[in-house]
Amino acid sequence: MNRRRSRGLPALSLIAALLAAMGGVALTGCGGSGSGRPRLTVSAATSLKAPLTGYAADFDQADVRLSFAGSDQLAAQIRLGARPDVFASADEDLPAALHREGLVDRPVRFATNRLVAVMVAGGKVRRFADLAKPGIRIAAGSPSVPVGAYARRAIAALPQPQRRAITGNIATEEPDVAAVIARVRGGAVDAGFAYVTDARAVPELRTIDLPVQVTAAYAVAVVRSTKHPDEARRFVRGLLAGAGRDALLSAGFGPAAP
């Protein structure tokens with residue numbers, strides 16, 4: 001790795017988690033507190049923002065409050081004492097670890113996604129092989145966040161010369177997929193690794209399929225300290241078969257079983 005790489009706030013992750021646990025992460029509220037329904041807090045991966053916002057607005061069992069961040073930050077918040085009712089992650093490992101620690105119920109896979117290379121039309125990158133050219137700047141998620149872990153898994157399966165060249169061109173490591181998209185869209189980098197669902201929401205971006213595809217599997221779990229277990233489980237069931245699943249499919253996510 002070269003020295004010009006930005007680490008995308010890994011040194012501040014603990015501070016960010018503490019702030020988030022105290023309400024520092026941006027929250028999206030759905031419904032009014034005067035409705036008489038319980039309030040359900042859902043912590044979810046940033047890549048789920050579009051489908052979950054629509055699903056939560058129509059969820060009639062509770063007023064849903066959404067908190068979006070990188071999955072690793074959300075898991076850290078729960079470990080530090082934050083107590084949402086539901087945790088929806090862009091991977092299966094983080095909820096599984098929280099389950100082993102007794103913090104969440106057994107997670108279930110509820111969606112899949114696909115990783116692609118993204119770039120602005122007319123830029124330096126026109127095909128996947130261009131990512132290995134000298135001087136190309138690439139944005140990736142940090143290794144601790146699912147979008148970054150998936151990218152590194154795909155890169156690791158490439159032939160060694162291409163793998164080394166692309167790894168050397170990673171110029172910035174970001175805390176979530178939204179930050180990767182912002183880097184590419186703003187011209188700070190020539191390309192990035194992101195989910196196809198996020199790329200398709202930005203018309204000016206082009207995508208290139210990876211030669212080695214890694215399935216991004218999303219898992220959700222009810223947090224054991226929830227005061228509203230029935231509503232939390234209904235919310236999860238809707239992601240598996242119901243309005244939530246429909247919202248995910250409409251946003252370009254794949255079914256739970258790829």
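Since the model is a prediction, treat every value here as computed from it, not as a measurement. (Residues numbered from 1 in each chain as written. Predicted model: local features only at pLDDT ≥ 70, side-chain atom pairs only at ≥ 80, totals over all residues. Heavy atoms only, no water.)

Novice: Whenever I open this one, the overall build of the chain confuses me. Can you help?
Specialist: Check the secondary structure of the chain and you find 10 helices and 10 strands. Counting across all 258 residues of the chain, residues that qualify as buried make up 50%. When contacts within the chain are restricted to residue pairs at least 6 apart in sequence, long-range pairs at least 24 apart make up 77% of them. (Helix = DSSP H or I, 4+ residues; strand = E, 2+ residues; numbered from the N terminus. Buried < 20%, exposed > 50% of the residue type's maximum accessible area, 1.4 Å probe, protein only. Contact = heavy atoms within 4.5 Å.)

Novice: Please explain the nonpolar core as it appears in this structure.
Specialist: Nonpolar side chains in soluble globular proteins generally cluster together in the buried interior. With 66 residues, the main nonpolar core has Leu48, Phe110, Leu131, Phe193, Tyr195, Tyr218 and Phe235 as its most contacted residues. Among the elements that make up this core, the one with the highest residue count is strand S5 (residues 108-120) (7 residues). Counting 11 residues, the second-largest nonpolar core is a separate cluster that includes Leu94, Val104, Ala221 and Val223. (Core = buried A, V, L, I, M, F, W, Y, C linked by side-chain atoms within 4.5 Å.)

Novice: Just to check I follow, could you spell out the packing of aromatic side chains for this structure?
Specialist: The relation between two aromatic rings is expressed through the spacing of the ring centres and the mutual angle of the planes. If you walk through the whole model with that rule in mind, you get 7 aromatic pairs. Taking the centre distance of 6.4 Å and the plane angle of 65° together, the rings of tyrosine 150 and tyrosine 195 count as edge-to-face. With tyrosine 150 in helix H5 (residues 146-156) and tyrosine 195 in strand S8 (residues 191-195), this residue pair connects regions lying 45 residues apart in the sequence. Across the pair, tyrosine 195 and tyrosine 150 agree in class, each one buried. Consider the rings of tyrosine 195 and tyrosine 218, whose centres lie 5.9 Å apart with planes at 55°: the pair is tilted. With tyrosine 195 in strand S8 and tyrosine 218 in strand S10 (residues 215-222), this residue pair connects regions lying 23 residues apart in the sequence. Grouping residues by exposure puts tyrosine 195 and tyrosine 218 together as buried. (Phe/Tyr/Trp six-rings, centres within 6.5 Å; stacked < 30°, edge-to-face > 60°.)

Novice: Just to check I follow, could you spell out the environment of arginine 114 for this structure?
Specialist: Within the secondary structure layout, arginine 114 lies in strand S5. A sequence separation of 102 residues divides arginine 114 from alanine 216, and the C-alpha atoms of the two residues are 6.0 Å apart. Side-chain polar atoms of arginine 114 contact the side chain of aspartate 209, separated by 2.6 Å. (Polar contact = N/O pair within 3.5 Å; in protein donor to acceptor, adjacent residues only side chain to side chain.)

Novice: I tried to follow the pattern of salt bridges on my own but got confused; where do I start?
Specialist: Two side chains bearing opposite charge may form a pair once their charged atoms approach each other closely. All told, the structure shown has 11 salt bridges when counted by the stated rule. Between glutamate 173 and arginine 152 there is a salt bridge, and its shortest N-O distance comes to 3.0 Å. A residue pair is termed long-range when its members are at least 10 positions apart, and glutamate 173 in strand S7 (residues 170-174) and arginine 152 in helix H5 qualify at 21 residues. Residues participating in the shared-partner salt-bridge network are Arg127, Asp130 and Lys133. (Salt bridge = Lys/Arg side-chain N within 4 Å of Asp/Glu carboxyl O.)

Novice: Is there a simple way to explain the pairing of S8 in this structure?
Specialist: On any regular strand, side chains alternate: one points to one face of the sheet, the next to the other face. By the criterion of burial, S8 is predominantly enclosed, with 5 of the 5 residues buried. Residues Ala191, Phe193 and Tyr195 of S8 are buried on one face, and the alternating residues Gly192 and Ala194, pointing to the opposite face, are buried as well. By the bridge criterion, 4 bridges tie S5 to S8 in an arrangement that is antiparallel. By the bridge assignment for S8, leucine 115 is matched with tyrosine 195. Of the pairings in the sheet, the one linking strand S6 (residues 138-141) to S8 comprises 2 bridges and is parallel in character. In the sheet register, alanine 139 faces S8, and the bridge partner there is glycine 192. (Pairing = 2+ DSSP bridges.)

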